[in-house]
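Chain by chain, the residues:
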Amino acid sequence: MATTAELFEEPFVADEYIERLAWRTPGGGSRGGEAFDPKRLLEEFVNHIQELQVMDERIQRKVEKLEQQCQKEAKEFAKKVQELQKSNQVAFQHFQELDEHISYVATKVCHLGDQLEGVNTPRQRAVEAQKLMKYFNEFLDGELKSDVFTNSEKIKEAADIIQKLHLIAQELPFDRFSEVKSKIASKYHDLECQLIQEFTNAQQRGEISRMREVAAVLLHFKGYSHCVDVYIKQCQEGAFLRNDVFEDAAILCQRVNKQVGEVFSNPETVLAKLIQNIFEVKLQSYVKDQLEEHRKSDAEQYLKNLYDLYTRTTNLSSKLMEFNLGTDKQTFLSKLIKSIFISYLENYIEVEIGYLKTRSAMILQRYYDSKNHQKRSIGTGGIQDLKERIRQRTNLPLGPSIDTHGETFLSQEVVVNLLQETKQAFERCHRLSDPSDLPKNAFRIFSMLVEFLCTEHIDYALETGLAGIPSSDSRSANLYFLDVVHQANTIFHLFDKQFNDHLMPLISSSPKLSECLQKKKDIIEQMEVKLDMGIDRTLNCMIGQMKHILAAEQKKTDFKPEDENNVLIQYTNACVKVCGYVRKQVEKIRNSMDGKNVDTVLMELGVRFHRLIYEHLQQYSYSCMGGMLAICDVAEYRKCAKDFKVGEIKCCDTSEPPGRGTLP
């Protein structure tokens, strides 16, 4: 049976079980071999089946025995549970009875306590009244004999008594009790002064427990506020020794915030009073000293100091928001800040605009002085407007041309300085303006930028540049207006960047947004009209220069040589010089503009270049050899036009029909 038990392995698989049994049987593990004995294997299987049957019977008897035992124990357990339930019910009934009895006793005790209190309270009041009468009699007699008044260690008890006597004395008629009322008031004042002095001494010694005890006694006295004032004054002694009054104030408030709750019963009120004292005394005095020094003499330093002081004050206010200052601490701190700066913020924008105007004018004047240039008046009024309209419609130069000697009168340094000043003004405006006035003030600063940057600098440079463009029939080749275009384009980008980065956040949610956008649009359109006019006149001058080159260099014998068998040149001299000039101007245009403007201007130049060459070649008659030379010139012109890299510009097309400028 032991062997049989060994064959049972987990997990049990019948096929494997048979295999293991056959393998253990002699002659049963080599099926088909010489040692295989089927009879022996059969006999082993029969015996094993019998063993399994015996094992099954024995296990079955054991299972039945365990089941009977389990049923018996279950019945015993159920009986025991029933007995426990009955015991629990009895205990619960006893608990209810005990609870009712306790409630009854408690009711009796409370009733008895109320009765005792009803008897004891009048008795205590009578005893207290008797004591007060005794002390009152001492004041009537004029001699204080009680130990509580003569012993300095019992100042707390004396304070409690005198405070009550003081309240009683207030109700007594003055004519009969004037003397005793005066004595009580005098003693009241003396004790109050002693308590305040005791509090002061305890604070100097750093005895928090004694400070708390004295403050609790003084809480019922009129001089309690004076105690708080003394505490605030002593807290600030030695606290402002460094140059940074704002950092000192933050450190002081942090230190007091930890201590004030241990001393006073109303710490938020005391801390708020300390902060109010710091703002109205220390900070206000410091701000006044810093600002009044430069208010009338140095607007730049005044504005910088105002911005810096206001920023540091608001930062200090943000730190103080962490403390418990009552219900509406945001409004409380805002009022303190306003009380310090209100006289400076009321006229801030006027100072800002005045400084910005003066500073911008100085920057421009300093630049023109460095160029030894006397800024001329552009002129306004009816005649100037009439000239402007005629010039816009006819593109004719009105008035004498001005030689600018290659100077554009545009300076990125000036522009950066103006934008930097305006950027700082926007930052100050954002910080110092009232929220309701912020869009309006920002618009005024923007108007200053438009006046000095766009009108006084860029527009003046454009007008001067237009006046410096020679006429189309002039032999002067000094075309500097493209340099003006290049610099103006760069300045416009800087101007637009400041508009988006610094002005837009200040006006984005106000009606001033549309007004600023329209003002920006108008000034840009005005500049673009003058730029277009200048570019157009510059292109006319380029074509005029080409005409002068062709007139000077192109000879009639170029296309009708006297000796046609001795023509050695590949292109005419006029063609070479014109193409060289055009290539230089194309490169200059590419360097002066960006984006689609380059393609637009080059397309216009190409059309005019084509028309010039077309009309120029129609003026000549050609021989056979001259015609070949003209074809070479045309090919060179077309090659030059391809360098424009714009559309399909054709200077001359040999496929055009006769009578339209084609070669014979």
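Residues numbered from 1 in each chain as written. Predicted model: local features only at pLDDT ≥ 70, side-chain atom pairs only at ≥ 80, totals over all residues. Heavy atoms only, no water.

Turning our eyes to something else, we now look at the overall build of the protein. Looking only at helices and strands, the protein has 21 helices and 0 strands in total. Looking at the protein residue by residue over its 664 residues, the buried ones come to 38%. Carbon together with sulfur atoms contributes 51% to the accessible area of the protein, which is approximately 39,800 Å² in total. (Helix = DSSP H or I, 4+ residues; strand = E, 2+ residues; numbered from the N terminus. Buried < 20%, exposed > 50% of the residue type's maximum accessible area, 1.4 Å probe, protein only. Areas by Shrake-Rupley, 256 points an atom, 1.4 Å probe, with all protein chains shown as cover.)

It is worth spelling out helix 8 (residues 224-236) at this point. For helix 8, spanning 13 residues, the distance from its first C-alpha to its last is 19 Å, which sits close to the expected 18 Å at 1.5 Å a residue. Those residues of helix 8 that sit buried are Tyr224, Cys227, Val228, Val230, Tyr231, Ile232, Gln234, Cys235 and Gln236. The positive-phi residue at the C-terminal boundary of helix 8 is Gly238, with phi of around 80 degrees. (Expected span 1.5 Å × (residues − 1).)

Right, let's get into the layout of surface pockets. Approximately 630 Å³ is the volume found for the largest pocket. Looking at the largest pocket, it is lined by 26 residues, and the ones nearest its centre are Tyr310, Leu345, Leu432, Ser433 and Asp434. Of all the secondary structure elements, the ones that give two or more residues to the lining of the largest pocket are helix 11 (299-320), helix 12 (329-345), helix 13 (348-370), helix 15 (412-432) and helix 16 (438-468). Broken down by element, the lining of the largest pocket gets its largest block of residues, 7 residues, from helix 12. For the lining of the largest pocket, the per-class residue count stands at 11 nonpolar, 8 polar and 7 charged. Considered as a void within the structure, the second largest pocket measures approximately 500 Å³ in volume. Lining the second largest pocket are 21 residues, and of these Glu528, Leu531, Asp532, Ile535 and Asn597 lie nearest its centre. Counting only elements with at least two residues in the lining of the second largest pocket, the list comes to helix 17 (481-507), helix 18 (512-553) and helix 20 (596-617). (1 Å grid on protein atoms, 1.4 Å probe; cavity = no way out; pocket = protein on both sides within 12 Å on 5 of 7 lines; lining within 4 Å. Points joined across faces, edges and corners; volume = space filled by probe spheres on them. Nonpolar A, V, L, I, M, F, W, Y, C, P; charged D, E, K, R; others polar.)

Once that is clear, we can look at the packing of helix 17 against helix 18. At a minimum axis distance of 11 Å, the contact between helix 17 and helix 18 shows a crossing angle of 175 degrees. Judged by the angle between their axes, helix 17 and helix 18 are roughly antiparallel. Here Phe481, Leu482, Val485, Ala488, Phe492, Phe495, Asp496, Phe499, Leu503, Met504 and Ile507 of helix 17 come into contact with helix 18, specifically with Lys512, Leu513, Cys516, Leu517, Lys520, Met527, Lys530, Leu531, Gly534, Ile535, Thr538 and Met542. Looking at the contact of helix 17 with helix 18 residue by residue, the classes come out as 17 nonpolar, 2 polar and 4 charged. (Axes fitted to C-alpha atoms, helices over the stretch in contact; angles between N-to-C directions. Parallel < 35°, antiparallel > 145°, perpendicular 65-115°, else oblique. Contact = heavy atoms within 4.5 Å.)

Before going further, it helps to examine helix 21 (residues 624-642). Structurally, the α-helix is built with 3.6 residues per turn, so residues lying three or four positions apart point the same way. Counted at 1.5 Å a residue, the expected span for helix 21 with its 19 residues is 27 Å, and the 27 Å between its end C-alpha atoms agrees. Along helix 21, the positions that sit buried rather than exposed are Gly626, Gly627, Leu629, Ala630, Asp633, Val634, Glu636, Tyr637, Cys640 and Ala641. Next to the buried residues of helix 21 lie helix 18, helix 19 (573-592) and helix 20.

Per the stated rule, a full pass over the model turns up 13 aromatic pairs. Seen from their ring centres, Phe199 and Phe264 are 5.9 Å apart, and the 50 degrees between their planes marks the pair as tilted. Of this pair, Phe199 sits in helix 6 (residues 174-205) while Phe264 sits in the loop between helix 9 (245-263) and helix 10 (267-292), placing them 65 residues apart in sequence. No difference in accessibility class separates Phe199 from Phe264, as the two residues are buried. Ring plane angle 75 degrees and centroid distance 5.1 Å describe the contact between Tyr231 and Phe264, whose orientation is recorded as edge-to-face. Of the two residues, Tyr231 sits in helix 8 while Phe264 sits in the loop between helix 9 and helix 10, which places them 33 residues apart along the sequence. Comparing Tyr231 with Phe264 shows no difference in burial state: the two are buried. An aromatic cluster is present here, built from Phe199, Tyr231 and Phe264 joined pairwise through their rings. Here Lys520 stacks its cationic end above the ring of Phe499, 4.5 Å away from the centre of that ring. (Phe/Tyr/Trp six-rings, centres within 6.5 Å; stacked < 30°, edge-to-face > 60°. Lys NZ or Arg CZ within 6 Å of the ring centre and 35° of its normal.)

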